[in-house]
Amino acid sequence: MQDATAQMAMLQFISSGLPKTMVPSTIHCDHLIEGTTSPQPDREGKFGGEADLSFAVKSNKEVYDFLATAGSKYGVGFWRPGSGIIHQIVLENYALPGLMMIGTDSHTPNAGGLGMCAVGVGGADAVDVMAGLPWELKAPKVIGVKLTGKMSRWTSPKDVILKVAGILTVKGGTGAIVEYFGPGVDHMSCTGMATVCNMGAEIGATTSMFPYNKRMHDYLVATGRAPAASLADSFKEHLKADEGAQYDQVIEINLSELEPHVNGPFTPDLAHPLSKFAEEMRKNGWPTELKAGLIGSCTNSSYEDMARAASVARQALAAGIKAKVPFTISPGSEQIRATIARDGIMDVFDKIGGTVLSNSCGPCIGQWKRTDVPKGEANSIITSFNRNFAARNDGNPATHCFVASPELVTAYAIAGDLTFNPEKDTLVGADGKEIKLEAPHGDELPSRGFDAGANVYQAPPSSMDERGKLSVQVDPASQRLQLLSPFKAWNGDDIKDAAVLIKVKGKCTTDHISMAGPWLKYRGHLDNISNNLLIGAINIENGKPNAVKNVVTGAEGPVPATARDYKARGLPWVVVGDENYGEGSSREHAALEPRHLGGVAIIVKSFARIHETNLKKQGMLPLTFANPADYDKIDPTDTISIVGLKTFAPGVPLKVVGKKKDGSTYEFPVNHTFNDNQISWFKAGSALNAMAAAFKAGKM
């Protein structure tokens, strides 16, 4: 669990009444550290990694103390602030071939780079697993990606997933596991395979996996797990696809022909081969002047990534050239930071003008206190991150964010121009001579081994007696943490005459439903964070975000305030949405908030997998139009009844009955994917309610 999602997961686990977790579990403090790239008054005029970490430890003390003590009491390992990004730490310490793991973050499949079946889930799913309950998933399809050939020059593993994203789009992997195979696999590093699996989240995939090979063996040995490598070797015939395995879909990529890619803006599946990128920039009128380059993140912060980026920077330094734009580096872990500092890579980044941020997510998840561009001003940035939805990185919806490999991002930061093509264009050195950058290179693993750096891990007490003496306190007046109250159980009746809170137009990710950035500080306080409910979603009625008409008063106001008004009046409400509703992060707050503010159902054309499950867990009804055209029948001023709940059963559609202002009605069927167990969650009011009842009854 990362710290932003761990708060709610641990609060839910505490509510279950269980004394300890039944499976090995960890908390990683990586999301709550805000990155700065210019002097800040609240950091005594300083900025960057050390200043940001120091500030975070003070400002988040209440949350960190809660997570540390809750971890100790319930048997959960605690990785302190500054330890690094959850997925890099998992790869270095926990990921093992053939094992299964779930994580409360959508990029958990990063561990597929070590042959692990790693799936991102919401916190309620994590509570099930921590409680020792079976974890269930609708049987996935399997998409095969056959890799042949060998990468060369500027092409990197990042380009494999950027190409796949362009083919499958942000929803093409929904409900599927992506399995990579073929001779090309053996030409990728273990951490490169992790990069590919990490960004599988951007195509909606349940998880992505690579077969076990020598590159994984070498990485396990390098990270101090030689016995695990030997164990994997002993049954490696089972750590690959069966001979003649059939796939639901097969994609073939020849790595020898694969071009470097740049994807974006505003969506990670808008793929541009490098040779055509400059033309696309000009054709679409996107800002070609670069304002910032950012490398690192959970996707691309391995030793190899940093070494390849540094090889580009060294060439520029040799010609007397520095980065033309702000250039930031986010090390993936304390181990990576310490190792690249020892090996001189950090010094290269410093000399080229880079700012090294803390070992944390930072700008990748919107934790960037950016001050160089006013909000609303169109500008371009390029990152080696994974996700680039509007306002994702800096809170500015006009920022055009492009995604590429760390080495390409470094080249662009040096050039300062997104029409620059490092494969064919030249730079002008300090002596006035033109230079052409050579293709990047970097060691896959450090020749001198990894440097573990500072001690950043807190193990839970081993004895139950010691844990039993610990207490976890939550101040009732806290603005950051709030103990949970159970949601009300179903009243046994159909839903009648619910209001439409908002009819959403177009893309609605979990960032639209529950924004990150400054809202991260409220992840442990359900009522406070509910003030961001759907504030980024576009209202089809007026084309504006966070502006809906109250059907009772007729006044236009913010979405959360309108929802609170309906709740106070006892008026249930629904949300109507478009395709792939809830894509993006595993953020279960996007499901908790509508439930907390009186919502009963989300009716859309299709759902992203994690979000649909999250809604079920909280006692909501995620429903899909049997006929997508029925979306057009609903007006925001209609009232909505949902019929058939008294005989709610798997595979049996429910019915929506809508009533317009003139009294006329319409009806249509809506589908659901509830099974018997999930229907019991709905009836109990939430999965947590059902679990607590089972525990009290001695059935767990």
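Residues numbered from 1 in each chain as written. Predicted model: local features only at pLDDT ≥ 70, side-chain atom pairs only at ≥ 80, totals over all residues. Heavy atoms only, no water.

Trainee: Quick question: what am I supposed to make of the UniProt feature "domain: Aconitase A/isopropylmalate dehydratase small subunit swivel" (unreviewed entry) in the protein chain here?
Mentor: Per the UniProt record, "domain: Aconitase A/isopropylmalate dehydratase small subunit swivel" (unreviewed entry) is found at residues 499–627. Annotated as 28% helix and 19% strand, the span residues 499–627 places its first and last C-alpha atoms 21 Å apart. (UniProt positions renumbered as here; feature names shortened; annotations may be inferred. Helix = DSSP H or I, 4+ residues; strand = E, 2+ residues; numbered from the N terminus.)

Trainee: Can you help me understand the domain arrangement of the protein chain in this one?
Mentor: Interfaces are often sized by the accessible area lost when the parts come together. Each domain of the protein chain was delimited in the assignment, giving domain 1 (261–436) and domain 2 (495–697). Every contact between the two is made by seven residues of domain 1 and, on the other side, ten residues of domain 2. Summed over both sides, the interface of domain 1 with domain 2 buries roughly 610 Å², with 53% coming from carbon and sulfur. It is Arg387, Phe389 and Arg392 that lose the most area in domain 1 upon contact with domain 2, and together they represent 60% of the buried surface on that side. Counting the contacts that link domain 1 with domain 2 gives one salt bridge. In this structure, Asp511 engages Arg392 in a salt bridge whose closest nitrogen and oxygen atoms are separated by 3.1 Å. Taken together, domain 1 and domain 2 are joined by two residue pairs in polar contact (both at pLDDT 80 or more). Tallied by class, residues from the side of domain 1 that touches domain 2 come to two nonpolar, three polar and two charged. (Domains from an automatic or database assignment. Contact = heavy atoms within 4.5 Å. Buried area = accessible area lost by both parts, 1.4 Å probe. Salt bridge = Lys/Arg side-chain N within 4 Å of Asp/Glu carboxyl O. Polar contact = N/O pair within 3.5 Å; in protein donor to acceptor, adjacent residues only side chain to side chain. Nonpolar A, V, L, I, M, F, W, Y, C, P; charged D, E, K, R; others polar.)

Trainee: Looking at this structure, how should I read the packing of aromatic side chains?
Mentor: Counting across every chain of the model gives 17 aromatic pairs. Taking 6.1 Å as the distance between ring centres and 75 degrees as the angle between the ring planes, the aromatic pair formed by Phe327 and Phe349 counts as edge-to-face. Here Phe327, found in strand β13 (residues 327–330), pairs with Phe349, found in helix α13 (residues 345–351); they are 22 residues apart in sequence, far enough to count as distant. Between Phe625 and Tyr631, the ring centres sit 6.2 Å apart and the planes meet at 85 degrees, which makes this aromatic pair edge-to-face. With a relative accessible area of 4%, Tyr631 lands in the buried category. Over the aromatic face of Tyr631 sits the side chain of Lys503, whose NZ or CZ is 4.3 Å from the ring centroid. One cation-aromatic arrangement involves Lys605 over Tyr631; the distance from NZ or CZ to the ring centre is 4.6 Å. (Phe/Tyr/Trp six-rings, centres within 6.5 Å; stacked < 30°, edge-to-face > 60°. Buried < 20%, exposed > 50% of the residue type's maximum accessible area, 1.4 Å probe, protein only. Lys NZ or Arg CZ within 6 Å of the ring centre and 35° of its normal.)

Trainee: What should I look at first to understand the environment of Ser463 in this one?
Mentor: Along the chain, the position of Ser463 falls in the loop between β20 (457–458) and α15 (464–468). A relative accessible area of 29% places Ser463 in the partly exposed class. For the pair formed by Ser463 and Gly75, sequence separation is 388 residues and the distance between their alpha carbons is 9.2 Å.

Trainee: In this structure, what is going on with the sheet that holds strand β26 (residues 621–625)? I would like to understand it.
Mentor: Either a parallel or an antiparallel arrangement is found when strands of a sheet pair, and the pairing is made through backbone hydrogen bonds. Pairing within the closed barrel is mixed, and its seven strands lie in the order β21-β24-β25-β26-β29-β28-β27. Going from strand to strand, the sheet's axes swing by 40 degrees on average, the running direction of each strand aside. The pairing of strand β28 (residues 654–659) with strand β29 (residues 665–671) spans six bridges and is classified as antiparallel. The partner of Val657 across the bridge, within β29, is Glu667. (Pairing = 2+ DSSP bridges. Axes fitted to C-alpha atoms, helices over the stretch in contact; angles between N-to-C directions.)

Trainee: Teacher, can you tell me more about the side chain of Glu304 here?
Mentor: For Glu304, the position within the fold is in helix α11 (residues 303–318). For Glu304, which is buried and forms no salt bridge, the nearest opposite charge comes from Arg308, at a distance of 5.5 Å. At 2.6 Å, the side chain of Glu304 and the side chain of Ser189 are in polar contact. Beyond its immediate sequence surroundings of up to four residues, Glu304 is in contact with Ser189, Thr191, Gly192, Gly442, Asp443 and Glu444. (Lys, Arg positive; Asp, Glu negative; His and termini not counted.)

Trainee: What is the right way to look at the nonpolar core in this model?
Mentor: Inside soluble globular proteins, nonpolar side chains tend to come together where they are buried. Among the nonpolar cores identified, the biggest contains 87 residues, and Met10, Leu147, Val160, Tyr180, Phe210 and Ile253 are the most heavily contacted of them. Shared between two domains, this core holds at least three residues of each, these being domain 1 (261–436) and domain 2 (495–697). In this view, Val160 contacts Leu147, Tyr180, Met188, Val196, Ile253, Leu255 and Leu258; residues no more than four positions away in its chain are not counted. Residues Ile321, Ile340, Ala415 and Phe420 belong to the second largest nonpolar core, which totals 43 residues. (Core = buried A, V, L, I, M, F, W, Y, C linked by side-chain atoms within 4.5 Å.)

Trainee: What am I meant to see in the environment of Ala165 here?
Mentor: By secondary structure assignment, the location of Ala165 is in helix α6 (residues 157–168). Considering only alpha carbons, one finds Ala165 and Ser275, 110 residues apart in sequence, at a separation of 18 Å. Ignoring anything within four residues of it in the chain, the contact list for Ala165 reads Ile203, Asn263, Pro268 and Asp269.

Trainee: Whenever I open this one, the layout of surface pockets confuses me. Can you help?
Mentor: Rolled over the atoms, a probe sized like a water molecule indicates the empty space that remains. Considered as a void within the structure, the largest pocket measures approximately 1100 Å³ in volume. Around the largest pocket sit 41 residues that line it, and Phe487, Lys488, Ala489, Arg595 and Gly599 are the ones nearest its centre. Residue assignment for the lining of the largest pocket shows that the elements contributing at least two residues are α1 (3–16), β21 (495–503), α18 (559–569), α19 (589–596), β25 (599–604) and α22 (687–696). Of the residues contributing to the lining of the largest pocket, the split by class is 19 nonpolar, 15 polar and seven charged. Approximately 920 Å³ is the volume found for the second largest pocket. Those elements that provide at least two residues to the lining of the second largest pocket are α2 (49–59), β15 (368–369) and α16 (510–513). (1 Å grid on protein atoms, 1.4 Å probe; cavity = no way out; pocket = protein on both sides within 12 Å on 5 of 7 lines; lining within 4 Å. Points joined across faces, edges and corners; volume = space filled by probe spheres on them.)

Trainee: What's the story with the pattern of salt bridges in this structure? I'm lost.
Mentor: Pairing is possible between side chains of opposite charge, provided their charged atoms come close. Per the counting criterion, the structure on display carries 34 salt bridges. In this structure, Lys646 and Asp493 form a salt bridge, with 3.6 Å as the shortest nitrogen-oxygen distance. Of the two residues, Lys646 sits in the loop between β27 (639–643) and β28 while Asp493 sits in the loop between α15 and β21, which places them 153 residues apart along the sequence. Note on Asp493: relative accessible area 22%, which makes it partly exposed. A salt bridge links Asp565 to Arg569; the nearest nitrogen and oxygen atoms lie 2.7 Å apart. Of this pair, Asp565 and Arg569 both sit in helix α18, four residues apart, which is roughly one turn of the helix. Note on Arg569: relative accessible area 46%, which makes it partly exposed. Here the residues in one salt-bridge network are Glu34, Asp42, Arg43, Asp52 and Lys369, joined through shared partners.

Trainee: I would appreciate a short explanation of the packing of α1 against helix α5 (residues 123–130) in the present structure.
Mentor: To characterise two packed helices, one gives the angle between the axes of the helices and the distance between these axes. The geometry of α1 relative to α5 is characterised by a closest axis approach of 9 Å and an angle of 45 degrees between their N-to-C directions. Between α1 and α5, the angle is such that the two are oblique. For α1 against α5, the interelement crossing comes out right-handed. Contact with α1, carried on its side by Ala9, Met10, Gln12 and Phe13, involves Gly123, Ala124, Val127 and Met130 of α5 and no other residues of that element. (Parallel < 35°, antiparallel > 145°, perpendicular 65-115°, else oblique. Left-handed = near helix turned anticlockwise from the far one by under 90°.)

Trainee: Help me understand the pairing of β25, please; the structure alone is not making it clear to me.
Mentor: Side chains on a regular strand alternate between the two faces of the sheet. Counting buried positions along β25 yields six of six residues, so the element is predominantly enclosed. Bridge analysis of strand β24 (residues 573–576) against β25 gives four bridges, and the strand direction is parallel. In the strand pairing of β25, Val576 is matched with Ile603. Viewed along the sheet, the connection from β24 through α19 into β25 turns out right-handed. Both β25 and β26 contribute to a ladder of four bridges, which runs parallel. (Right-handed = clockwise from strand over helix to strand, strands pointing away.)

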